[in-house]
Structures are given as structure tokens and as C-alpha cells.
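Structure assessment
Chain residues, written in single-letter form:
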Amino acid sequence: MLKCRTVWKKLAPLARASSTVCRQNVRRTGLNNSRIPACVPVAHMSTGPAGGGRENQLYVLLVGAACVGGAIYTYRTVKGDNQRYQDRIDEISSRPYKRATEEPATPIQSEPPVIPEPEPEAAPSPEPQAAPSPEEPSPLAPDAAVAAPIETTEPPPGGPAPASLKVPSHTPYLLIGGGTASFAAARSIRARDPGAKVLIVTDEPDPPYMRPPLSKELWFSNDPSVTETLRFKQWNGKERSIYFQPPSFYINAEELDGAENGGVAVLTGKKVVHMDVRGNKIKLDDDTEISYDKCLIATGGVPRNLQVIERAGEEVMKKTTLFRKIEDFKSLDKVSRNIKSITIIGGGFLGSELACALGRRSTEYDLEVVQMFPEKGNMGKVLPEYLSNWTTEKVKSEGVKVISEALVKSVVCKDDKLEIKLKDGRLVKTDHIVAAVGLEPNVDLAKSAGLEVDSDFGGFRVNAELQARSNIWVAGDAACFYDIRLGRRRVEHHDHAVVSGRLAGENMTGANKPYWHQSMFWSDLGPDVGYEAIGIVDSSLPTVGVFAKATAKDTPKAATEKSGTGIRSESETEDTAISPVASLTPAPNVGQHKDEYGKGVIFYLRDKVVVGIILWNVFNRMPIARKIIKDGEEHADLNEVAKLFNIHDD
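Presented here is a report on the structure given in the accompanying data block. Throughout, a residue's number is its position along its own chain's written sequence, starting from 1. Only residues with pLDDT of at least 70 are given local features in this predicted model, and only at 80 or more are side-chain atom pairs given and counted; all residues enter the totals for whole chains, interfaces and linings. Only hydrogens and water are set aside; all other atoms, that is, all heavy atoms of the structure, feed into the side-chain values.

1. Quick look at the sheet that holds strand 28 (residues 609-616)
- Strands are labelled as partners when DSSP assigns at least two bridges between them. Think of it this way: any DSSP run of H or I at least four residues long counts as a helix, any run of E at least two long counts as a strand, and we number them from the N terminus. Taken in spatial order, the 5 strands make up an open sheet running 24-25-28-27-26, and their pairing is antiparallel. For this open sheet the edge positions go to strand 24 (520-524) and strand 26 (543-548), each flanked by a neighbour on one side alone. Each adjacent strand pair in this sheet contributes to an overall mean axis angle of 15°, direction not counted.
- Two elements, strand 24 and strand 25 (residues 530-535), share 5 bridges in a ladder whose sense is antiparallel. Bridge assignment links S523 to a residue of strand 25, and that residue is Y531. Where helices are involved, their axes are fitted lines through C-alpha atoms of the stretch in contact, as for all axes, and angles between N-to-C directions lie from 0 to 180°.

Put into C-alpha cells, the structure is as follows:
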């Protein structure tokens, strides 16, 4: 009734005004026809049908139309108000249950008629999580690891988002994938745009974490609960978490829209199944749609498997691990404690690291560890043959039985054992298989998004700014980029994920910077042997190695003690290297005896130009190696170039 009365008060003046206008029009008509104005039936104009006339009919029609319009407006307004009121009541009635699980002592939540109140009360709900802010120095140090022991002990509860939470329908910055590249991009975006709202969507149940410790330090932990805490000691003895940030660093996804100062939200356990590039939106596996302004694809890759294992049936697959994620580490750790034999297929970085890690358990758990690969020695596709043979002996010394030149012909399950038959007739029986045979870039979104996939290297083809299309960037393992020195490439290492993610984040905020960085990678065969590499390191290329006798400080453990971090790429800089004073000690001739491979530098050549460098037990010299590749010059004597790394100094 109040609404109707208000509408009538607004319409009454309009009706009176229209009546006046009609009178004036009639007078003008009479004057124009040279009639006397006094003869105009003024009274009839205001009283209706008594006068007859066409003008009266127009007047009645106008007033009637106004009344009908007012009635329709009133009906729709009242109906809309009722609907909004009902929606609001439904929303409020659903809140007490959610808050009751978080704050049991809030009995005053059952007052749905008070509509304005829930708005301010909904925002403070995350305040208890933000209370430990004095323990959050890590967000201020972008490249620092999470140091808060309390918050990082139990990060998984902060990662997954309950299914009942409302997913934002729009986000300015959408990052697909929850790995290193996505986190580096989110941190970069927030650095350049402090109020940015960033949403990370990942199909994993965990917030962003670093993958290298999964095959390195975590296996050497003496903590029996390491699979739960996911905390480990680096080679330098310092403890850290596998997660980049504690749960308190992130905000809940449903609060992202209303976050005054922006923030980073992680939507876990959700997979992006479709991408509409023209409409700037994506669809999740539960049919939820999210629109975006800028999008980063950092979907990484999925582990490859051998076709003979895939065709072997479900029984064999149940006893096979494809190592990539946290759940794979937990599963393999549990399996290795309860079986008698395990076989690792693959002689690359991951296979050799896992072989050394599991080999150390062989004595304690009476575990037979076997590693097989088609090459002649460990890391045969990367290292020159003499160094590959040396590495093979090192792996054997860790308690691993190495089978080289092994091509798998078939795998069957008999009497709860796996039988691996090789093409040369050899037969290996084992309880479990770990397939470490490479990574396949995840380009599932290419078809729906209409993005180009490189036919040679795989991955999304991007330009110099890591952009695949307008408002779409790609970083990490899934990006196939053009290197001005080495040509088009795709890199699958931690340092590349960090740097490419950081650059993509900057470009998403308008930096328009090209990707010039020569990323490095590293691998450790335990705390005593490790190497760092840059550029194209392919054993099929000509190589020149310069070696020296190692000392106690030439180990990964000593290197991390000096740098203070186990993730060595975090201590690397992109600054131009200043060559140190070359050592005056003469370089020894490269021999074949294993004792001479304590430390050294291996140069990989293409057309007499250095295109790749491995620093063998030589650390914190990567800027020098990066400069050598960047210069792209021919070197008459690489022994002299090796002196720049001071490998002959004790």
C-alpha cells in the first residue's frame, strides 16, 4: 500500500499538468480558427465526456495510459522486492550453519529479518586466521622460503576449498595451475599491482609447493612423520616446508570479490576443462564458469608411462608409480617400507635421484633397489660417456643394482610379483615399478582455446613476452618459447618455472618485457655429488671437460651452507656476470680415471660455439656460465675459459 500511495503522489501532478496542457491547446486551436475563446467549453475539458471532443479523448487516453503504466511499475517493483527479500532471507538462513562450524559460540546468528547485519559480520570471519600476522614475514620477502614452523606444519587444511563455498564468477587475474610458475606469477602481479585480486585454480588438493624436494631432501629426512609435515632439512641443516607460503598467506576464494586490498586465493581440487578465449572465460569440471581479464596457463606436465605398462592391465598399473606430485611421494614412501624389491625405469634426472634416495634405504629396510635404462650409463642423454659411467658407479655405491642398455619388452603380474622381460631376454622380478621416463606437457586446453601447440617440442607456442593470445600468457613446463641464442625451446626445470612465471606476471600487469633469461637446472645424487647446468646439454653434442680434484667444500651440502638455501636457483641472479680473476694454476689434461672427476666444467659445443655448460660440483658460478652462452663467441682454448670458474683453487 505504501508503494501504491507513493506512486500515486508522483503521478497526480503529471495528470494535473497534462490537463492544463490540453486546455491551452484547445484555446490555441480556437484562436487559430478565428473563433472566440469564450465559446470554448473549458469546463467540459476538465469534467470528461460531457464535452464530447477529440481533445477530451486524448486526455482520457493519456491519463489512462499513465495509470496503467503506474500499476505495472508498482506490480513489478513489489514483486522484485519480495524476490530480493526472499533471496536475502535464504542467504542469511544458510550462514549460521557455516559459521557454526568455525565459531561454535555464536548463538545470535538466528535472526534472519535483520538484513543489513550479515554484511559486516561476514567479512570479519577470516580475522582469526589473520591473527598470526606477526609470524608472517615471508610475504614481504618474495624469494624467501616459508620460515614459520607452526603454520607450515599443517598446510593442507588451508589449501582445499570446501565444495559448498561460492566460487567467484569473475576475477581480474586467473592463473590455471597451482605449481611454481603460477605462484611466481601471483607474487609478481601483487608486487606490481598491490591491490590485485588473483585466483589460482589447481586440480591438486594442495596449495602451491616446490617439487624438487620430492625427489631430493625429503627422502633423506630422519623424521618419521615427514610425509605428514612435509618439512625437511636442507643439506645445510636448515629446516623448511615444501609449501611456498602458509595457509594464512591466502584468502578464501569466496572472499576474493570483497577483498578491499585484493589478495591471492587458491581454488583446489578443480580442473579447467574448457576455455573460451573470445568470451574471456573458463569452465570447471563441475560446470562452474569464471570470467577473467588476464589469464595465465601454467598447467605443467604429466608423467609419461611406457606403453608396455599401460597395455599390461590394471594389476600392473596398481603396482606402478608415475612420480610427480605430493601424493606420489607419500605413496612411494609407504610402498618402499613394506616391500622387498623396487625397480626404477629411467636413467634421467628423476630416475637417478630416486634411485640414490631409495638406495640409502636398502640396508635399513632390506630393500632391493634396481634401476634400468636403455642408455649405457646414468644420465646418458645428458652427460658425456666417461662422466655417465662415473655417475653409474656412484649410483651403485649407494646400494642400487644398475641394469644398463635395458629395453622393456613386456610386463606381467604373476604370483603377486611383476616380471619385467627385456628385449635381450633378461628377466627382472620386482614388487613395484617406478616409471621415470619423462614428462608430457599438459596442453589439454589447446583445442578448446584454439591455441597453437609446437609439433617438435610440445607445449603452447608463445612469443617473446610469453603471450599465446590476447590476454593469455603461458609459463613453466607448458611454454614453448623462442630463445634468441639457442632457438625455440621448452624447459622443464624449477628455475625456468620461477623466472618465466615471474615475467609472465609482470607482463600481465603491462610490463611488456621479453624473455631473455637463460634458465639453469640442478640435480643432486645425495649430499656429496651435485651439478648445475645451463643451455643445451645433450650428450650427442661435442663436449670439452676440464676437471680438478674436489675438496670438502665442493659438495651440494657445502654450497647450501654458503648460500643459505637448498633451492639453488633462488640464489641465482640475472645480473650481468663480472668475470673473476682467472686462476693461474695450470689446467690438468682431461683423463678417464674417475678420481679426476671430483669437480669440473663441461662445455657443450655447436658449430664451435658454447651452447651448454655443466658445473660439476662447482656452485655459485652460474652468472659466469650464463654470460659465456649469451656472448656466443668461439673459444680457441676452453681450458682458459674454465679458469674463469676458479676450479683449480683449493
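Moving on from the coordinates now.
2. A word on the environment of F521
- As for its position among the elements, F521 is in strand 24.
- Using a 1.4 Å probe on the protein chains alone, a residue whose accessible area is under 20% of its type maximum counts as buried, one over 50% counts as exposed, and one in between counts as partly exposed. Judged by its relative accessible area of 6%, F521 is buried.
- Distance in space between the C-alpha atoms of F521 and V491 is 9.5 Å, their sequence separation being 30 residues.
- Residues count as neighbours in contact if any of their non-hydrogen atoms are within 4.5 Å of one another. Not counting chain neighbours up to four residues away, the residues in contact with F521 comprise F349, H493, Y531, E532, A533 and V537.

3. A few points about the sheet that holds strand 15 (residues 417-422)
- Pairing is antiparallel across the open sheet formed by 3 strands, whose spatial order is 14-15-16. Strands with a single pairing partner mark the edges of an open sheet, and in this sheet they are strand 14 (408-414) and strand 16 (427-430). Geometrically, the sheet is characterised by an average inter-axis angle of 20° between neighbouring strands, direction not taken into account.
- With 6 bridges joining them, strand 14 and strand 15 adopt antiparallel strand pairing. Bridge pairing in strand 15 links K414 to K417.

4. What about the pattern of salt bridges?
- We define a salt bridge as a contact between a side-chain nitrogen of Lys or Arg and a carboxyl oxygen of Asp or Glu at a distance within 4 Å. Under the criterion given, the structure shown has 25 salt bridges.
- Here K216 ties to E353 by a salt bridge, and the two come within 3.1 Å at their closest N and O atoms. Of this pair, K216 sits in the loop between strand 2 (197-201) and helix 7 (226-229) while E353 sits in helix 11 (residues 349-359), placing them 137 residues apart in sequence. In this pair, the class of K216 matches that of E353, namely buried.
- Between K643 and E640 there is a salt bridge, with its nearest N and O atoms 3.1 Å apart.
- Looking at K643, the relative accessible area reads 13%, which means it is buried.

5. What about the side chain of D483?
- For D483, the location among the structural elements is in strand 22 (residues 479-483).
- In the analysis that follows, any N or O atom pair within 3.5 Å is treated as a polar contact, provided that within protein one partner can donate a hydrogen and the other can accept it, and provided that, for residues neighboring in sequence, both atoms belong to side chains. Among the polar contacts made by the side chain of D483, one reaches the side chain of Q518 at a distance of 2.8 Å.

6. Some points on the pairing of strand 12 (residues 368-372)
- Burial within strand 12 is extensive, with 4 of its 5 residues counted as buried.
- Orienting the strands away from the viewer, one traces the path from the first strand over the helix to the second; a clockwise path indicates a right-handed crossover. Crossover strand 11 (residues 341-345) to strand 12 through helix 11 is right-handed.
- Where strand 12 lies against strand 13 (residues 400-403), 4 bridges are found, and the strand directions are parallel. Along strand 13, the bridge assignment pairs M372 with I403.
- Between the parallel elements strand 12 and strand 13, the chain passes through helix 12 (residues 385-397) in a crossover that is right-handed.

7. Some words on the side chain of N280
- Note on placement: N280 falls in the loop between strand 6 (272-276) and strand 7 (281-284).
- The exposure class assigned to N280 is buried, which follows from its relative accessible area of 18%.
- Here N280 is in contact with I290, S291, Y292, D293 and N471, once residues within four sequence places are set aside.

8. Describing the pairing of strand 8 (residues 289-297)
- Inspection of the sheet shows strand 1 (residues 170-176) paired to strand 8 by 6 bridges, in the parallel sense. Along strand 8, the bridge assignment pairs T171 with Y292.
- Where strand 7 meets strand 8, 3 bridges bridge the pair, whose relative direction is antiparallel. Directly across from I282, in strand 8, lies its bridge partner I290.
- Hairpin connection from strand 7 to strand 8: 4 residues lie between these consecutive antiparallel strands, with D287 at a positive phi of about 70°.

9. Here's the deal with the packing of aromatic side chains
- Aromatic contacts are taken between Phe, Tyr and Trp rings whose centres are within 6.5 Å, Trp giving its six-membered ring; a plane angle under 30 degrees counts as stacked, one over 60 as edge-to-face, and the others as tilted. This model, assessed by the stated rule, comprises 12 aromatic pairs.
- Between Y386 and Y597, the aromatic rings sit 5.4 Å apart at their centres with planes inclined by 35°, giving tilted as the arrangement. Here Y386 is found in helix 12, whereas its partner Y597 is found in the loop between helix 15 (556-563) and strand 27 (599-606), with 211 residues between them in sequence.
- With a centroid separation of 5.0 Å and an interplanar angle of 75°, the aromatic rings of F481 and Y515 are classed as edge-to-face. With F481 in strand 22 and Y515 in the loop between helix 14 (494-508) and strand 24, this pair connects stretches of sequence that are 34 residues apart. Comparing F481 with Y515 shows no difference in burial state: the two are buried.
- Ring pairs connect the aromatic residues F183, F244, F249 and Y250, which therefore count as one cluster.

These values are about where atoms sit, not about what they do.
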